[in-house]
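Next come the chains, spelled out residue by residue.
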Amino acid sequence: MNGLYTLKPWYADRLSGVRATLVRREVSPDTLTAVGVASAAGAAAALAWLPAGLAALPVAVLLAARLAFANLDGHL
């Protein structure tokens, strides 16, 4: 495997505790998808409305959350 895709197993492993909690609480994968989409929309809004320097951190955090939710809903 080449590129960023090689990080997927590492990232999924880091989310294992969160995944176990979500399974115990019977959270629907659809809920995680919706929150992931909202995270992406929040990143887009931050990028649109904030100056580039101020937008960098919230955009990075929201996109990381979006990737986490995509990974988690796929496993549930």
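S.K.: Describe the side chain of Asn-71, with residues and values.
M.R.: Structurally, Asn-71 can be placed in helix H4 (residues 52-75). Sequence-distant contacts of Asn-71, that is, excluding residues within four places in its chain, are made with Lys-8, Ala-12, Leu-15 and Arg-19.

S.K.: Describe unusual backbone geometry, naming the residues involved and giving the relevant values.
M.R.: Phi is positive for Glu-26, close to 55°, though the residue is something other than glycine. On the secondary structure map, Glu-26 appears in the loop between helix H2 (16-24) and helix H3 (29-49). On the accessibility criterion, Glu-26 (72% relative accessible area) is exposed.

S.K.: Go over the environment of Leu-7 with me, naming the residues and quoting the values.
M.R.: Tracing the backbone through its elements, the reader meets Leu-7 in the segment before helix H1 (8-14). The sequence separation of Leu-7 and Phe-69 amounts to 62 residues, and the corresponding C-alpha distance is 16 Å.

Calculation rules
Residues numbered from 1 in each chain as written. Predicted model: local features only at pLDDT ≥ 70, side-chain atom pairs only at ≥ 80, totals over all residues. Heavy atoms only, no water. Helix = DSSP H or I, 4+ residues; strand = E, 2+ residues; numbered from the N terminus. Contact = heavy atoms within 4.5 Å. Buried < 20%, exposed > 50% of the residue type's maximum accessible area, 1.4 Å probe, protein only.

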